[in-house]
Amino acid sequence: MDLTYTEEERDFRARLREWLGKVLSELPAKPSPDDWPGRRAYDLGWQRRLYDAGYAGLHWPVDAGGHGATPTQHLIFLEETERAGAPYVGANFVGLLHAGPTIAVEGTAEQRARWLPPVLRGDEVWCQGFSEPDAGSDLASLRTRAVRDGDEYVITGSKIWTSHAEVADWCELLVRTDPAAPKHRGISWLAMPMDAPGVTVRPLRTLAGSTEFAEVFLDEVRVPVGHRVGAENDGWRVTMVTLSFERGTAFVGEVVACRRTLGELARRARANGRWDDPVLRRRLGRLHGEFGALWRLTQWNVSEAAGASAVRAEPGTRRGAGGVPGIGGSVFKLAYSHARQELYDTAAQVLGADSLVTEEEWVLDRLSSLSYTIAAGTSQIQRNIVAERILGLPKGR
């Protein structure tokens, strides 16, 4: 494997770095964490700047509105934006990292034309309506019902942990369209407008005090059949595409951020005298190795997804093609979740008790890290996937 950069890739990095140096100084002040309309406007404003500069959807296929960049260019973009401290995808992470890529792979030409340009331009926000009170890790047990009525589905049920429902225009929604079928075979994937009559959003407050999650109640909500992505009752397969993006490539920017955080911890440990502790130094060194390995796995996952896109088939016929990350996503998700938790446990060790009062951002990041072994599929689920689909072990009973 040739890990050196080409002249074209070095030029791409230089142009991106120059653009970031100019545009970041022009950004308005970040809104308060509790100001969700303000945060939506800030995040979408950044997305519009990316779009106008030709960086939005950099690695997306050209027929999905992207630029078809190489995996290396995509990784360079992630490295440079994170190192420069540029805003992340923020409130529209579902649209940009989950729903958008899924529609790019599984959607019809009309669906791609309708939903992808507004995501890339920063015009519309998506949320994720997957989990339910009794269907979290066992997602296929979902009960939200969609009954066909002519050219519409009539939806009744509820969702929980619906990310950014409070500011979303659309929801990637899983519904049960055939209650008599085996639970994995009676599900459909719909795009639901959040302003449809019968949709009620109730924010949920997290351990950190934020409200980026919500309960969503659906009372006979009508959604056109044309908003279904994939065939009726084939939603579980489409969902696996969505989850492959969520586990395989959606965290790539965060790996870069964690590596930067690790460097900051080493600097602070040297400054406050804790570097003299050999146990702490070994822990930091091991984390350095783990995040380095995770970055290499990230490169593999991104490259695998790009390679798959080269053999893209017609919507509804692909299994593992069309730019979808492979099974390495579960390996990554499992390892990253635990490494991130240990990173912020180590941060508390380096910063000491004073960090609970004077280092609010570190405290919030540590609290947030606790959710990573649950979000996007629990660690137990990821272990099952690795055991069954990679190691070939029998399914548990």
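Residues numbered from 1 in each chain as written. Predicted model: local features only at pLDDT ≥ 70, side-chain atom pairs only at ≥ 80, totals over all residues. Heavy atoms only, no water.

Under the definition given, this model contains 25 salt bridges. Taking the shortest distance from any N to any O, the salt bridge between aspartate 52 and arginine 48 comes out at 3.1 Å. Of the two residues, aspartate 52 and arginine 48 both sit in helix α2 (residues 36–53), four residues apart, roughly one turn of that helix. When its relative accessible area of 54% is taken as the criterion, aspartate 52 is described as exposed. By relative accessible area, which is 34% here, arginine 48 ends up partly exposed. One network of salt bridges, in which partners are shared, links Arg13, Arg17, Glu79 and Glu80. (Salt bridge = Lys/Arg side-chain N within 4 Å of Asp/Glu carboxyl O. Helix = DSSP H or I, 4+ residues; strand = E, 2+ residues; numbered from the N terminus. Buried < 20%, exposed > 50% of the residue type's maximum accessible area, 1.4 Å probe, protein only.)

Take the nonpolar core next. Formed by 67 residues in total, the largest nonpolar core has its most connected members in Trp19, Trp46, Tyr55, Trp126, Trp189, Phe291 and Leu343. When residues in this core are grouped by element, the largest group, eight residues, is from helix α9 (residues 328–351). Counting residues in each nonpolar core, the second largest holds 25 residues, with Ala91, Ala168, Cys171 and Met192 among its members. (Core = buried A, V, L, I, M, F, W, Y, C linked by side-chain atoms within 4.5 Å.)

Turning our eyes to something else, we now look at helix α4 (residues 93–106). The terminal C-alpha atoms of α4 lie 19 Å apart, and with 14 residues this matches the ideal 20 Å at 1.5 Å per residue to within 8%. Its maximal kink placed at alanine 99, α4 deviates by approximately 40°, while the proline proline 101 follows within four residues. The buried count for α4 comes to 13 of 14 residues, which makes it a mostly enclosed element. (Expected span 1.5 Å × (residues − 1). Bend = angle between axes of the 7 residues up to and from the residue.)

Quick look at unusual backbone geometry now. Outside of glycine, negative phi angles account for most residues, and trans bonds account for most peptide bonds. Of note in the backbone geometry, tryptophan 161 takes a positive phi value of approximately 55° without being a glycine. As for its position among the elements, tryptophan 161 is in the loop between β3 (152–159) and β4 (170–176). Phi is positive for histidine 164, which is not a glycine, with a value near 60°. Residue placement: histidine 164 occurs in the loop between β3 and β4.

Let us now look at a nonpolar patch on the surface. Residues Val331, Ile390, Leu391 and Leu393 make up a contiguous nonpolar surface patch of roughly 340 Å² in combined accessible area. Its place among the elements puts isoleucine 390 in helix α12 (residues 379–390). (Patch = residues over 30% accessible without salt bridge, like charges linked within 9 Å, V, L, I, M, F, W, Y side chains within 5 Å. Areas by Shrake-Rupley, 256 points an atom, 1.4 Å probe, with all protein chains shown as cover.)

Here we take up helix α3 (residues 71–83). With 13 residues, α3 should cover 18 Å at 1.5 Å per step; its first-to-last C-alpha distance of 18 Å lies within 8% of that length. Within α3, 10 of the 13 residues are buried, which leaves it mostly tucked inside the rest of the structure. Listed as buried for α3 are Gln73, His74, Leu75, Ile76, Phe77, Leu78, Glu79, Glu80, Thr81 and Glu82. Just downstream of α3, glycine 85 is the residue with a positive phi angle, here 75°.

With that settled, consider the packing of aromatic side chains. Centre-to-centre distance and the angle between the planes together describe a pair of aromatic rings. Going through the model one piece at a time under the given rule, you end up with eight aromatic pairs. Aromatic pair tryptophan 19 and tyrosine 55: ring centres 5.1 Å apart, planes at 50°, arrangement tilted. Placement of the pair is tryptophan 19 in helix α1 (residues 7–23) and tyrosine 55 in the loop between α2 and α3, with a sequence separation of 36 residues. Across the pair, tyrosine 55 and tryptophan 19 agree in class, each one buried. With 6.0 Å between their ring centres and 85° between their planes, tryptophan 115 and tryptophan 126 make a pair best called edge-to-face. In this pair, tryptophan 115 sits in helix α5 (residues 109–121) while tryptophan 126 sits in strand β1 (residues 126–129), placing the two residues 11 residues apart along the sequence. The exposure class assigned to tryptophan 115 is buried, which follows from its relative accessible area of 2%. A residue is classified by how much of its surface remains accessible, and tryptophan 126, at 1% relative accessible area, is buried. Every member of this aromatic cluster is reached through a ring pair, and the members are Phe12, Trp19, Trp46, Tyr55 and Phe77. Its guanidinium or amino end placed over the ring of tyrosine 5, arginine 13 lies 5.0 Å from that ring's centre, counting from NZ or CZ. If you follow arginine 148 out to its NZ or CZ, it ends over the ring of tyrosine 153, 5.8 Å from the centre. (Phe/Tyr/Trp six-rings, centres within 6.5 Å; stacked < 30°, edge-to-face > 60°. Lys NZ or Arg CZ within 6 Å of the ring centre and 35° of its normal.)

Everything listed here is a matter of geometry and, on its own, says nothing about what the molecule does.
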